[in-house]
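Coordinates in review
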Amino acid sequence: MDVRTAENNKLVSDVVERGLSRYFSSRHELVDQFVENNFSIKPAFELNKKAFGLDMLKTPLNILWTPPHFLLSGTGRILKRVSNNRLGDRLVKLPAGIKTDVEQEVAWRVQTQLLELPYEQGPRKFTENRMLAMILEDDKLNALFDQSLMQLADLVGNESGQRALAEKLLVYVDSRKAAAELSSAFVALAAGYAANKSVNFGAMGLGSVLAAGIAHNVAVSSFVLGNTLGGLYYSVFTASASKTMIALSTGGVAVALGVIASYTGFVTDPLQKHFGMHQKKLHKVIDKLEQQFVAGDKSAMQFKDGFVARILDLADLMLAVTVK
């Protein structure tokens, strides 16, 4: 039986579209609670305590770097428009600054608590993928997996049958240990399906479908900078370039501003929460993600096609190892 038919491709594509829509709607619904949990007075104090330490050095350096970064990246954009000069591309890609500990913590929380998408940050690793889970919750997928799952469900308590399944899976994975783990996951999945006719791939480790870095970059660029430095940061750099450069060249002004900016979150986070600024920024982040993943442009189509291909790959594999 070939699962890669036009009919199945259309079925899975529709499932992906509906799942993405449900996912982004659910993220908007979480915004108010996320803001309450992270930017009320007490949580904001705990969050911004991370500014004590290296952030006192990073923030002044970021302030010093902002004028030349603005100038160099602007020059790069001009060069890219007028020629194919590689220098322009390199200038545009210059980092905007050093990520502070507070910024990194906010990025982690946005990614893991609000978006619930796979993310790695140093030693921390978050593997859950709520976007994929919501796609796979669609009952329309039952028809695609029914035959193989019902056969796998017969292996519950059958150790010799599970060993035979692991041997078959060894053809598709890198090691015997991985094959045994995948075999156990398949049987557990099938047992759940047989019990309630619901497909739950939460333990299947399919989170790699999502390019988590894309979501992270959108979240950081649209949200973190405004949160940690707030109005103070932008008020500094609305001054004329010449006066700003003169002031910052002394170094002392930059250090003073950096120390102040490191701790503004203690006050500005609860204030931004009260006036709805955090909520507005987070809704904007979610809207941008939705545009990126749902819009009809080439990158969005490739993203959705990746989901469709992975789901069909899984159906194909499960069918291949259960056919007698």
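Here, the structure is the one placed above.
Throughout, residues of each chain are indexed from 1 in the direction in which the sequence is written. In keeping with the predicted nature of the model, local features appear solely for residues at pLDDT of at least 70, side-chain atom pairs appear and are counted solely at 80 or more, and the whole-chain, interface and lining totals rest on all residues. No hydrogens and no water enter the side-chain calculation; it runs on all heavy atoms of the structure.

Section: the pattern of salt bridges
Side-chain pairing between opposite charges can occur once the charged atoms of the two side chains come close. Here, a salt bridge means any Lys or Arg side-chain nitrogen found within 4 Å of an Asp or Glu carboxyl oxygen. Overall, the coordinates contain 10 salt bridges when judged by the stated rule. For the salt bridge of Glu17 with Lys304, the shortest nitrogen-to-oxygen distance reads 3.1 Å. Residue Glu17 is found in helix H1 (residues 6-39), and its partner Lys304 is found in helix H15 (residues 298-322); the two are separated by 287 residues along the sequence. Each of the salt bridges in this network shares a partner with another, and the network as a whole consists of Arg18, Arg22 and Asp138. Only DSSP runs of H or I with at least four residues qualify as helices, and only runs of E with at least two residues qualify as strands; both kinds are numbered from the N terminus onward.

Thoughts on the side chain of Thr322
Counting through the fold element by element, Thr322 comes out in helix H15. Looking at Thr322, its side chain comes within polar contact range of the main-chain oxygen of Met318, at 2.8 Å. The term polar contact refers here to a pair of N or O atoms within 3.5 Å; inside protein, the definition further demands a hydrogen-donor-capable atom paired with an acceptor-capable atom, and it admits residues adjacent in sequence only when both atoms are side-chain atoms. At 3.2 Å, the side chain of Thr322 forms a polar contact with the backbone oxygen of Leu319. Residues within four places of Thr322 in sequence aside, it is in contact with Ser148, Gln151 and Leu152. Should any heavy atoms of two residues lie within 4.5 Å, those residues are considered in contact.

Description of the packing of H1 against helix H2 (residues 41-48)
All axes here are fitted lines through C-alpha atoms, helices being fitted over the stretch that makes contact, and every angle between N-to-C directions spans 0 to 180 degrees. One way to put it is that H1 packs onto H2 with a least axis distance of 5 Å and a crossing angle of 65°. Residue-level contacts link Glu36, Asn37, Asn38 and Phe39 of H1 to Ile41, Pro43, Ala44 and Leu47 of H2. The classification used treats Ala, Val, Leu, Ile, Met, Phe, Trp, Tyr, Cys and Pro as nonpolar, Asp, Glu, Lys and Arg as charged, and all other residues, Gly among them, as polar. In terms of residue class, the contact of H1 with H2 is built from five nonpolar, two polar and one charged.

A short note on the nonpolar core
Soluble globular proteins: nonpolar side chains tend toward being buried together. Definition used in this section: a nonpolar core is a set of buried Ala, Val, Leu, Ile, Met, Phe, Trp, Tyr and Cys residues joined via side-chain atoms within 4.5 Å. Each residue is placed in one exposure class: buried if its accessible area under a 1.4 Å probe, protein chains only, is under 20% of its type's maximum, exposed if it is over 50%, and partly exposed if it falls in between. By size, the foremost hydrophobic cluster in this structure holds 55 residues, and its most contacted members are Met131, Leu144, Phe145, Phe186 and Ile311. For this core, the secondary structure elements donating two or more residues are H1, helix H5 (101-115), helix H6 (130-136), helix H7 (142-153), helix H8 (159-169), helix H9 (176-196), helix H14 (277-294) and H15. At 11 residues, the largest contribution of residues to this core is made by H15.

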